[in-house]
Amino acid sequence: MVTFIIRRLLLVPVLLFGVTVLIFAMLQLLSPIERSALYVKDFPKNEKAVDGIIKLYGLDQPLYVQYWRWLVGTVDTVGVRHGGILYGDLGYSRTSSIPVAELIANRFPNTLDLTLWAVGPVILVGIWLGVQAAVHQNGFIDQAARVFSIVGTSFPTFVFGLLFILIFYATLHWLPPGRLADEYMQVVNSDAFRHYTTLITIDALLNGRFDVFWDALKHMLLPILTLSYISWATFLRVTRSSMLETLRMEYVTTARAKGLSEHDVIYKHAQPNAMIPVVTLAGFSVVSLLGGVVITETVFNFPGIGSAAARAATQLDVVTMLGFALFNGLILIVSNLAVDILYAVVDPRVRLS
Amino acid sequence: MAQSVPTGDNSLLQDALPTHKIGWFERWLGPENYRIVSGLLKTPASIVGFALIGFFVIVALAAPLIAPPVTPNDPYKIPRDGFSSDPKPPGTEWKKNVMPLPFWWKIFVKSEKMTHIMGTSEGQYDIFYGIIWGTRTAFKTGLVVTITTLLFGVIVGSISAYYGGIVDNIIMRIVDILLILPGILAALILAAVLTPRIGKSLVPTMSALIAFGWMGYARIIRGDILSVKERDYVLAARVIGVKDNRILFRHIIPNAVFPTLVLASLAVGDVVLSFAALSFLGIGTEVGYADWGQVLSFARNWITSLNTYWYIVVWPGLTLVLFVMGWNLVGDALRDVLDPRMRGKT
């Protein structure tokens, strides 16, 4: 187990190197002048000044020098460091008029709030439904799940989101888009409201403001469903087929033969083994969620990193985009690591091989 | 020579004999591939899927008849009926920049006046025209992207599997790294970086989808080739001194490529979906180009009044859903057919 984790940890620097090289390569599609936006707030109007910036930051140097400087930045004569993604300087966002790192720090809690609420129900209910569908094969839940997963996977996220808005917001006026109603936004921004985690829903609970919590949840319900319905469908399907396979195994027959109750056979003997492919799926779903927030947040006008990335993309603000790419890459490398370790915990065969 | 037919109850031999007459088609495809194709043609779900895809193929081919272009030199430009911002409902009379009356309009509607069949969206772009010509855009982008990614993936995957060792290791690590970022985000970034270089057109988005789309095929074909390359006929070819290139392209790839080909042909739906998602976000083609994502993106500014302007979401949305569902239904049946545990059941 320990050797497995160590081997897996050794892969992390390789992946990090790969992702930075990939993003650096995309950066090379820009001209040196455009790349200087990584280091300065505004382009100076006169050409000599631009040349000065290009010289100062070595944007005319060989690629490996540039790559290194991009990683660690440049220290000028006064001793001030400029740039350097390893020091958290991702450049200046033209579209939001603040540094990219700050933009991510402002936006990410909202996205995290949204994805956490999307992930929990998916894992719990999706797996439960999948197990039920397998246990009662061809029963009502199974048939409904089959229809749901085919129809669900055919709906593009943005069509689904827009139809939701059309029905629940524009026609029925049940659920509003955005982040919070104005009155509650004032509560959250007031001094009395303590920010423990920066996630609005959790902070609201910790502050004992259930009205704020309820309003935040109302605003997030449609984005949560839009973000997660595809994951629901896939979790359900994978759990179902994995569970069906496990239920056919001989050890399950043995368990039944020795007289265990059906409940114990299903939940204590079959389900833990059927969960192995589902763990892998959890890793993929982090990827699909991070991709999904781009569209979901744009449709619902939700102020997270996804909508910021989409806006940066339409306005061709490459510096901001690449900052987001780096941030996403980091999250995914960490989450893949977590999934692999979890995999070893769930499946003894992995850790022994 | 008389063929001896075993008699009696030797069930093992009975199984080995063909249970049906083998036609030229089956002979040509081989038993394994024939099983996949016939399995697909027997499932009701996939028949519905094929029907939907066929419908869209017809619409794409007949686009100039269904919606005659206003500007024949540039048929992908959606005609605008003026410039006012508010969408107009279906059935509104078409006043400026009128589309020539299509043949079916004269037959079924028997009117000399053209109307906006599905309404207009923001900026008076005709939704019906956008959907009909958007079908062509969908097939065009879907086919080009799928074929290119497939070619690239097959070449890279084959080289990786055939040479093995360090080549394989390096290529597969590159694949791992490219797969870290979510596909849609990676494509979004690359398309945004490419757009100022290439200009607003289909090319930046398509290139981005190709650049981040080939890895899956490379992995699949690699696995298939790893098993094929151990077969005796490959060894035989090597023994008689056939060159590496020829063994790879004439002996191994043709025997390993079929499952990848089938998967790729069904990926067209996914490609079209990704393309529509990117152009919904505002990346890619110029405003007013006939593609489904663009037509839907006109709705983004109207989400507070979608109850009045439902048609700017429902028609393009429905089109996209039916298109994707067609491919998904076939794909679902295919997964069942390709599943080794299902072998012998269809």
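Residues numbered from 1 in each chain as written. Chains lettered and ligands numbered in written order. Predicted model: local features only at pLDDT ≥ 70, side-chain atom pairs only at ≥ 80, totals over all residues.

A closer look at the overall build of chain A
To keep things clear, this is the line we draw: The numbering of helices and of strands both runs from the N terminus, where a helix is a DSSP run of H or I of at least 4 residues and a strand a run of E of at least 2. Counts of 20 or more other C-beta atoms within 10 Å of a residue's own C-beta define buried residues, counts of 12 or fewer define exposed ones, and intermediate counts define partly exposed ones; C-beta atoms are placed from the backbone. Note on contacts: each residue gets a C-beta atom placed from the backbone, and two residues are in contact if those atoms are within 7 Å.
Per the secondary structure count, chain A includes 16 helices and four strands. Oriented by its inertia axes, the alpha-carbon framework of chain A measures out at about 85 × 55 × 40 Å. The proportion of buried residues among the 353 residues of chain A is 39%. Put simply, 66% of the contacts in chain A that link residues at least 6 apart link residues at least 24 apart.

Structural notes on the overall build of chain B
Each helix and strand in chain B was counted, giving 17 helices and two strands. Oriented by its inertia axes, the alpha-carbon framework of chain B measures out at about 80 × 55 × 35 Å. Counting over 346 residues, chain B shows a buried share of 42%. Across chain B, every contact between residues at least 6 apart in sequence was considered, and the portion connecting residues at least 24 apart equals 74%.

What about the interface of chain A and chain B?
Which entries qualify depends on this criterion: Following the grouping adopted for this structure description, the nonpolar residues are Ala, Val, Leu, Ile, Met, Phe, Trp, Tyr, Cys and Pro, the charged ones are Asp, Glu, Lys and Arg, and the polar ones are all others, Gly among them.
Contacts between the two partners involve 41 residues from chain A, matched on the other side by 40 residues from chain B. The set of elements that each furnish at least two residues to the side of chain A that touches chain B consists of α1 (2–27), α6 (140–154), α7 (157–171), α13 (276–300), α14 (305–314) and α15 (318–346) of chain A. Classifying every residue of the side of chain A that touches chain B by side-chain character gives 31 nonpolar, 10 polar and no charged.

Quick look at the packing of α13(A) against α15(A)
Residue and element names in this part refer to chain A. Threshold: Lines fitted to C-alpha atoms define the axes here, with helix axes fitted over just the stretch in contact, and angles between the N-to-C directions of these axes take values from 0 to 180 degrees. Here roughly perpendicular refers to angles of 65 to 115 degrees, roughly parallel to angles under 35, roughly antiparallel to angles over 145, and oblique to all remaining angles.
The contact between α13 and α15 brings their axes to 9 Å, and the two run at 170°. By the angle between their axes, α13 is roughly antiparallel relative to α15. Here I276, V279, T280, A282, G283, V286, V287 and L290 of α13 lie close against α15, whose contacting residues are N328, I331, L332, S335, N336, V339, L342, Y343 and V346. Its residues placed into classes, the contact of α13 with α15 shows 12 nonpolar, five polar and no charged.

Re helix α11 (residues 250–257) of chain A
Summarising burial for α11(A): zero of the eight residues are buried, a small minority. At the exit of α11(A) stands G259(A), carrying a positive phi of roughly 90°.

Here we look at the nonpolar core
This is how it is decided: Joined through C-beta atoms within 7 Å, a set of buried Ala, Val, Leu, Ile, Met, Phe, Trp, Tyr and Cys residues constitutes a nonpolar core. The split of the chain into domains comes from an automatic or database domain assignment.
Counting 176 residues, the largest nonpolar core has L188(B) and I189(B) as the members making the most contacts within it. Shared between two domains, this core takes at least three residues from each, and those domains are domain 1 (2–93) and domain 2 (98–351) of chain A. Excluding its chain neighbours within four sequence positions, the residues that come into contact with L188(B) are V294(A), A313(A), L278(B), L281(B) and I283(B).

Focus: the domain arrangement of chain A
Interface size is often expressed as the accessible area that is lost when the parts come together. Residues and elements named next belong to chain A. Here the domain parsing of chain A yields domain 1 (2–93) and domain 2 (98–351). A separation of 33 Å is found between the C-alpha centroids of domain 1 and domain 2. The interface of domain 1 with domain 2 comprises 20 residues on the first partner and 21 residues on the second. Counting residues per element, the ones that place at least two in the side of domain 1 that touches domain 2 are α1 and β3 (92–93). The leading source of residues in the side of domain 1 that touches domain 2 is α1, at 10 residues. Here the residues of the side of domain 1 that touches domain 2 sort into 15 nonpolar, three polar and two charged.

Some thoughts on the environment of I36(B)
All names here are of chain B. Secondary-structure assignment places I36 in helix α3 (residues 31–42). Measuring from C-alpha to C-alpha, the distance between I36 and I127 comes to 39 Å, with 91 residues separating the pair along the chain. Leaving out residues up to four positions away in the same chain, I36 has contacts with V262, V337 and L338.

Some points on the confidence of the model for chain A
Note the cut-off: pLDDT: the predictor's confidence for each residue, scored from 0 to 100.
Chain-level pLDDT for chain A is 81 on average; 95% of the residues reach the 70-or-more range. Mean pLDDT across the secondary structure elements of chain A bottoms out at helix α16 (residues 348–352) of chain A, with 66, and peaks at α11(A), with 90.

Here's the deal with the packing of α6(A) against helix α10 (residues 210–247) of chain A
Relative placement of two packed helices is described by the angle separating their axes and the distance separating the axes. Residue and element names in this part refer to chain A. To keep it simple, the criterion reads: The handedness criterion is simple: a crossing whose near helix is rotated anticlockwise from the far helix by less than a right angle is left-handed, and one whose near helix is rotated clockwise is right-handed.
Relative to each other, α6 and α10 sit at 140°, their axes nearing to 9 Å. The orientation of α6 with respect to α10, classified from their angle, is oblique. The two elements α6 and α10 meet at a crossing, and its hand is left-handed. Residues A145, F148, S149, G152 and T153 of α6 form the contact with α10, whose participating residues are Y229, I230, W232, A233, L236, R237 and R240. Residue classes in the contact of α6 with α10 are distributed as seven nonpolar, three polar and two charged.

So, the confidence of the model for chain B
Residue and element names in this part refer to chain B. A residue-level look at chain B finds 92% of positions with pLDDT of 70 or above and a mean pLDDT of 83. Confidence drops under a pLDDT of 50 for residues 342–346, and excluding neighbours within four residues, the segment shows six contacts in the predicted structure. We note a pTM of 0.84 for the whole complex and an ipTM of 0.82 for its interfaces.

A short note on the environment of W105(B)
On the secondary structure map, W105(B) appears in helix α6 (residues 103–109). Considered as a pair, W105(B) and A67(B) are 38 residues apart in the sequence and their alpha carbons are 9.8 Å apart.

Structural notes on the environment of F56(B)
Residue and element names in this part refer to chain B. Mapped onto the elements, F56 comes out in helix α4 (residues 44–61). With 79 residues separating them along the chain, F56 and T135 place their C-alpha atoms 6.8 Å apart. F56 has contacts with T135, F323 and G326, leaving out every residue within four places of it along the chain.

Focus on unusual backbone geometry
For S97(A), which is not glycine, the phi dihedral falls at a positive 55°. We note that Q124(B) has phi near 60°; this positive angle belongs to a residue other than glycine. Of note, Q124(B) is situated in the loop between β1 (120–121) and β2 (125–126). For Q124(B), a count of 23 C-beta atoms within 10 Å puts it in the buried group.

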